[in-house]
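What the coordinates show
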Amino acid sequence: MEERRLGPVVGLGTWQTFGGDAAAAGAVVGSALEAGVRVFDSSPMYGGAEASLGAALRGRRDGTTVATKIWAQSAPEGRAQYKRQVEWFGRVEIEQVHNLAAWREQLDWLEPERAAGRIDRLGVTHYAPSAFGELGDALRTGRFDVVQLPYNPHERDAERELLPLAAELGIPVIVMRPFGEGSLLRRSPPAEALRELGVETWAQALLKWVLSDPRVDVAIPATSKPERARSNAAAGVPPWFGAEERMRVEELAA
Ligand SMILES: NC(=O)c1ccc[n+]([C@@H]2O[C@H](COP(=O)([O-])OP(=O)(O)OC[C@H]3O[C@@H](n4cnc5c(N)ncnc54)[C@H](OP(=O)(O)O)[C@@H]3O)[C@@H](O)[C@H]2O)c1
């Protein structure tokens, strides 16, 4: 798989997939690892997903990147979340402030963790375009190393300010919701259209649409199905789409 600044370009999300089911997590994560996935995104907001992801990665954690989040309204609550994450994962490579929640307060204790080498990168996320102004302000402080935002043919707000800003500041981008939470996959275009795009599945076409934007570092599709983790990962190899192929995907998604 192609690697960019955060490693292989297809990662794995964990929202509403295996939850606290460690056996299910083991199957999906195992399949993703075999297919070359290394970035695993989670959050305290995703039920038991962090604990089951931690269990699924046990014994095969080398070379993986855990990108989880702090989702708390106070620093003590945030620190308590971090303490549990260290128990589950050993360490956290990318620690993100979820939905900008109390981001200045969280940064005040997260920055010393990063300075001590216990966290590699600090990130910040939001799913809603109404919060993109504040997300931009947070990036402009220079205190974050990574941003996570939604990007797919139906959600292109990030193209206006955030993707150009991240590129200007040299900040790597994690793309959430590459399938619009699955809404873009409810119907698939005809097989002929997929063949012309050089892909086997509509999901792969959507991932290639995202990853063909050079400002994106990694997309984190979520799935509860091991075979889909494998086929999604297969989208992480060149050739990438040019302008015409991207437009074709947009037409097919319309
Ligand atoms: N949604 C948010 O607001 C949000 C916010 C912050 C962070 N994130 C992070 O971003 C990750 C990705 O976003 P997301 O989970 O919201 O949505 P997504 O990845 O765009 O879509 C996930 C959905 O797509 C389906 N799917 C996956 N691969 C498929 C395939 N090959 N064929 C058919 N269906 C497929 C999954 O169903 P099956 O399980 O049936 O495969 C699941 O319902 C999250 O898991 C989380 O880690 C999300």
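See the structure printed just above.
Now for a quick tour of the structure. Just so we're clear, the structure is a prediction, and the values are computed from it rather than from any experiment. (Residues numbered from 1 in each chain as written. Predicted model: local features only at pLDDT ≥ 70, side-chain atom pairs only at ≥ 80, totals over all residues. Heavy atoms only, no water.)

A separate point is the overall build of the protein chain. In terms of regular secondary structure, the protein chain is built from ten helices and nine strands. Relative to a compact globule of 254 residues, whose C-alpha radius of gyration would be 18 Å, the protein chain shows 17 Å and is just as compact. Viewed in the frame of its principal axes, the protein chain has a C-alpha envelope of about 55 × 40 × 25 Å. Relative to its full complement of 254 residues, the protein chain shows a buried share of 54%. (Helix = DSSP H or I, 4+ residues; strand = E, 2+ residues; numbered from the N terminus. Rg over C-alpha atoms; globule rule 2.2 N^0.38 Å. Buried < 20%, exposed > 50% of the residue type's maximum accessible area, 1.4 Å probe, protein only.)

As enumerated under the stated definition, the model contains four aromatic pairs in all. Ring geometry for Trp 15 and Tyr 46: centres 6.3 Å apart, planes at 55°, overall tilted. Remark: Tyr 46 occurs in the loop between strand 3 (39–41) and helix 2 (49–57) and Trp 15 occurs in the loop between strand 2 (7–8) and helix 1 (22–34); sequence separation between them is 31 residues. A residue is classified by how much of its surface remains accessible, and Trp 15, at 33% relative accessible area, is partly exposed. A relative accessible area of 13% places Tyr 46 in the buried class. With a centroid separation of 6.0 Å and 50° between ring planes, the pair formed by Trp 103 and Phe 144 is classed as tilted. Highlighted residues: Trp 103 in helix 4 (residues 103–115) and Phe 144 in the loop between helix 5 (132–140) and strand 7 (146–150), separated in sequence by 41 residues. Judged on exposure class, the residue Trp 103 and its partner Phe 144 are both buried. One residue, Arg 4, lies across the ring of Trp 240, its end atom 5.1 Å from the ring centre. (Phe/Tyr/Trp six-rings, centres within 6.5 Å; stacked < 30°, edge-to-face > 60°. Lys NZ or Arg CZ within 6 Å of the ring centre and 35° of its normal.)

The next thing to look at is the sheet that holds strand 7. Spatial ordering of the open sheet is given by 3-4-5-6-7-8-9, a layout of seven strands whose pairing is parallel. In this open sheet, the two strands that pair with only one neighbour each are strand 3 and strand 9 (218–219). Sheet analysis places strand 7 next to strand 8 (residues 173–176), joined by four bridges and oriented parallel. By the bridge assignment, Leu 149 is partnered in strand 8 with Val 175. Here helix 3 (residues 75–89) sits on the sheet in contact with strand 4 (65–70), strand 5 (92–97) and strand 6 (119–125), set at roughly 160° to strand 4. (Pairing = 2+ DSSP bridges. Contact = heavy atoms within 4.5 Å. Axes fitted to C-alpha atoms, helices over the stretch in contact; angles between N-to-C directions.)

A word on the site of the ligand. Within the structure, the ligand sits among 25 residues, and Asp 41, Phe 179, Thr 223, Ser 224 and Lys 225 are positioned closest to it. Summarising the interface, the protein chains cover 86% of the accessible area of the ligand, which totals 880 Å² for the free molecule. Classifying every residue of the shell around the ligand by side-chain character gives eleven nonpolar, eight polar and six charged. (Near = heavy atom within 4 Å. Areas by Shrake-Rupley, 256 points an atom, 1.4 Å probe, with all protein chains shown as cover. Nonpolar A, V, L, I, M, F, W, Y, C, P; charged D, E, K, R; others polar.)

A few words on the packing of helix 3 against helix 4. Relative orientation of the contacting elements helix 3 and helix 4 amounts to 40°, with a least axis distance of 8 Å. Considering the angle they form, helix 3 stands oblique to helix 4. In the packing of helix 3 onto helix 4, the handedness of the crossing is right-handed. Along the contact surface, helix 3 presents Ala 75, Gly 78, Arg 79 and Tyr 82, while helix 4 presents Glu 105, Gln 106, Trp 109 and Glu 113. Looking at the contact of helix 3 with helix 4 residue by residue, the classes come out as three nonpolar, two polar and three charged. (Parallel < 35°, antiparallel > 145°, perpendicular 65-115°, else oblique. Left-handed = near helix turned anticlockwise from the far one by under 90°.)

In this structure, Val 29, Phe 40, Phe 144, Val 147 and Leu 149 are the most contacted members of the largest nonpolar core, which totals 71 residues. Among residues more than four places away in sequence, those in contact with Leu 149 are His 126, Ala 158, Leu 162, Leu 163, Val 173, Ile 174, Val 175 and Met 176. Within the second largest apolar cluster, nine residues are counted, among which are Ala 67, Ile 94, Ile 174 and Ile 220. (Core = buried A, V, L, I, M, F, W, Y, C linked by side-chain atoms within 4.5 Å.)

It is worth spelling out the side chain of Lys 208 at this point. Note that Lys 208 resides in helix 8 (residues 202–211). Look at Lys 208: it is buried, it has no salt bridge, and the nearest opposite charge is Glu 245 at 8.4 Å. Look past the residues within four positions of Lys 208 in its chain and what remains in contact with it is Val 199, Ala 235, Val 237, Pro 238, Pro 239, Trp 240 and Phe 241. (Lys, Arg positive; Asp, Glu negative; His and termini not counted. Salt bridge = Lys/Arg side-chain N within 4 Å of Asp/Glu carboxyl O.)

This next bit is on the pairing of strand 5. In terms of burial, strand 5 is a largely internal element, six of the six residues being buried. Pairing analysis gives four bridges linking strand 4 to strand 5, with the strands arranged parallel. From the neighbouring strand, Lys 69 faces strand 5, where its bridge partner is Gln 96. Remark: the strand 4/helix 3/strand 5 crossover connection has right-handed handedness. The sheet contact formed by strand 5 and strand 6 spans five bridges and is parallel. Pairing of Val 92 across the sheet is with Ile 119, part of strand 6. The parallel pair strand 5 and strand 6 is bridged by helix 4, and the resulting crossover is right-handed. (Right-handed = clockwise from strand over helix to strand, strands pointing away.)

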